[in-house]
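Examination of the molecular architecture
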Amino acid sequence: MSEPASRPAAEQAAAPLSGPACGRPAGARAAERPAAPTRAAAARDPWPVRLDRVSVRRGGRAAVDALTLRLDPGGVLALMGPNGAGKSLTLRLLAGLIAPDEGAATWAGRPTPPRGAVGVVFQRPALLRRSTLGNVTHALALAGAPRRARRARAMALLAQAGLTHRADAPARALSGGEQQRLALARALACAPALLLLDEPTANLDPRATAQVEALLREVCAQGVTALVVTHDAGQARRVADEVAFLHNGRLTERTPAREFFARPASPEGRAYLEGRLLL
Ligand SMILES: Nc1ncnc2c1ncn2[C@@H]1O[C@H](COP(=O)(O)OP(=O)(O)OP(=O)(O)O)[C@@H](O)[C@H]1O
């Protein structure tokens, strides 16, 4: 994930069930590892994903204000900032779920993301009234996986998410942490190149948070690029390679994570880490 660190100031699928996005599957044990995506990867690669001076108007103001951000393959970018900074809107722009009012969002130079190239996990997963397994097989069906391959592939995704033992349970009966790991497994059904997560552990306890983070790290180690919106500085330290900091819809800095936490480049980033940036 790159773009030179822009020092001070400069830039589910959708849940696969509801939007344009939909995982380079990864595996727990090798025997259970989902088969390699059958699609021609290059045709679906979204790189670079670019926001060029995009603005989104909400409530009579620019909630995202002339933002420029470029994502290239590799790594985890944490998108941080105070409430209302424009993080979720930015994530939705990157997913192609909303269009900018000004500026341009492009994927590999095109105005929409390649089908299935971007997976999204929201803070509260919208799970279907089906079994855990059924949620994933449904996502695979939407992704165009052949019927005969769906069950084995879904079971491999569930194994990776540590949910084999919950396969037949109603998805909505899972714990919050299990539901979020299911949402991740489901988002991986389309073998996305880019995974966007909007505060994926905001409602989880430390143990469930650690499980989701471990799954995210595993998926990223296997080639998926991720952007995580988080308020949790500990989480950003644990999972992110870089931090992009937003304030009032503007990018104040994009900095390697280690550097951000040691010496944030922008006054806003510094104030936030010191608990002084409240709005
Ligand atoms: N549909 C809407 N109507 C009016 N204002 C909106 C709408 N959607 C977003 N906004 C406003 O745009 C701003 C940015 O919203 P966004 O959800 O991107 O912020 P955020 O950084 O994700 O905040 P939080 O950390 O609280 O989730 C906020 O002030 C929000 O109130």
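Here the structure is a predicted model, which means the values were calculated and not measured.

1. Describing the pairing of strand β6 (residues 194-198)
When a strand is regular, its side chains alternate between the sheet's two faces. Burial runs high along β6: five of the five residues are buried. Burial along β6 is two-sided: Leu194, Leu196 and Asp198 and Leu195 and Leu197, pointing in opposite directions, are all buried. Note: strand β5 (residues 118-121) against β6, four bridges, orientation parallel. From the neighbouring strand, Val120 faces β6, where its bridge partner is Leu196. Relative to strand β7 (residues 225-229), β6 runs parallel, the two being bridged by five bridges. When the sheet's bridge partners are listed, Leu196 is paired in β7 with Leu227. Handedness of the β6-helix α7 (residues 206-221)-β7 crossover: right-handed.

2. Side note on the site of the ligand
Near the ligand you find 14 residues, and of these Arg61, Asn83, Gly84, Lys87 and His231 are the closest. Between the ligand and Asn83 there is a distance of 2.8 Å, counted from an oxygen atom to a side-chain nitrogen or oxygen. One of the side-chain N or O atoms of His231 is found 2.8 Å from an oxygen atom in the ligand. Burial of the ligand by the surrounding chains reaches 60%, relative to a free accessible area of 640 Å². Elements supplying a minimum of two residues to the shell around the ligand: β2 (61-71) and α3 (87-95). Broken down by element, the residue count for the shell around the ligand peaks at three residues, all from α3. Across the shell around the ligand, the residue classes break down as four nonpolar, six polar and four charged.

3. Looking at the UniProt feature "domain: ABC transporter" (unreviewed entry) in the protein chain
If you check UniProt for "domain: ABC transporter" (unreviewed entry), the listed places come out as residues 49-273 in our numbering. The span residues 49-273 is 36% helix and 26% strand, and its two end C-alpha atoms sit 28 Å from each other.

4. Observations concerning the packing of helix α4 (residues 132-142) against helix α6 (residues 176-187)
At a minimum axis distance of 9 Å, the contact between α4 and α6 shows a crossing angle of 25°. It follows from the interaxial angle that α4 and α6 lie roughly parallel. Two packed elements cross with a definite hand, and for α4 against α6 that hand is right-handed. Across the interface between the two elements, Thr132, Asn135, Val136 and Ala139 from α4 touch Leu182, Ala185 and Arg186 from α6. Across the contact of α4 with α6, the residue classes tally to four nonpolar, two polar and one charged.

5. Quick notes on the sheet that holds β6
What the six strands build is an open sheet, ordered β5-β6-β7-β3-β8-β9; its pairing is mixed. Edge positions in the sheet fall to β5 and β9 (250-256), since each has one partner strand and no second. Within this sheet the neighbouring strands show an average axis-to-axis angle of 15°, counted without direction. Summarising the sheet, strand β8 (residues 242-247) and β9 pair through six bridges and their orientation is antiparallel. Across the sheet, the residue bridging to Ala244 is Arg254, located in β9. Running at roughly 155° to β6, α3 makes contact with β3 (76-80), β5, β6, β7 and β8 of the sheet.

6. A few points about the sheet that holds β2
Strand order in the open sheet made by the three strands is β2-β1-β4, with antiparallel pairing throughout. The strands lining the two open edges of the sheet, one partner per strand, are β2 and β4 (102-107). Each strand of the sheet is rotated relative to its neighbour by a mean of 25°, with strand direction disregarded. Bridge count for strand β1 (residues 49-58) against β4 is five bridges, and the pairing is antiparallel. Within β4, the position partnered with Arg50 by the bridge is Thr106.

7. Quick look at the environment of Phe122
Mapped onto the elements, Phe122 comes out in the loop between β5 and α4. Each C-alpha atom of the pair Phe122 and Asp198 lies 4.9 Å from the other, and the pair is 76 residues apart in sequence.

Thresholds applied
Residues numbered from 1 in each chain as written. Predicted model: local features only at pLDDT ≥ 70, side-chain atom pairs only at ≥ 80, totals over all residues. Heavy atoms only, no water. Buried < 20%, exposed > 50% of the residue type's maximum accessible area, 1.4 Å probe, protein only. Helix = DSSP H or I, 4+ residues; strand = E, 2+ residues; numbered from the N terminus. Pairing = 2+ DSSP bridges. Right-handed = clockwise from strand over helix to strand, strands pointing away. Near = heavy atom within 4 Å. Polar contact = N/O pair within 3.5 Å; in protein donor to acceptor, adjacent residues only side chain to side chain. Areas by Shrake-Rupley, 256 points an atom, 1.4 Å probe, with all protein chains shown as cover. Nonpolar A, V, L, I, M, F, W, Y, C, P; charged D, E, K, R; others polar. UniProt positions renumbered as here; feature names shortened; annotations may be inferred. Axes fitted to C-alpha atoms, helices over the stretch in contact; angles between N-to-C directions. Parallel < 35°, antiparallel > 145°, perpendicular 65-115°, else oblique. Left-handed = near helix turned anticlockwise from the far one by under 90°. Contact = heavy atoms within 4.5 Å.

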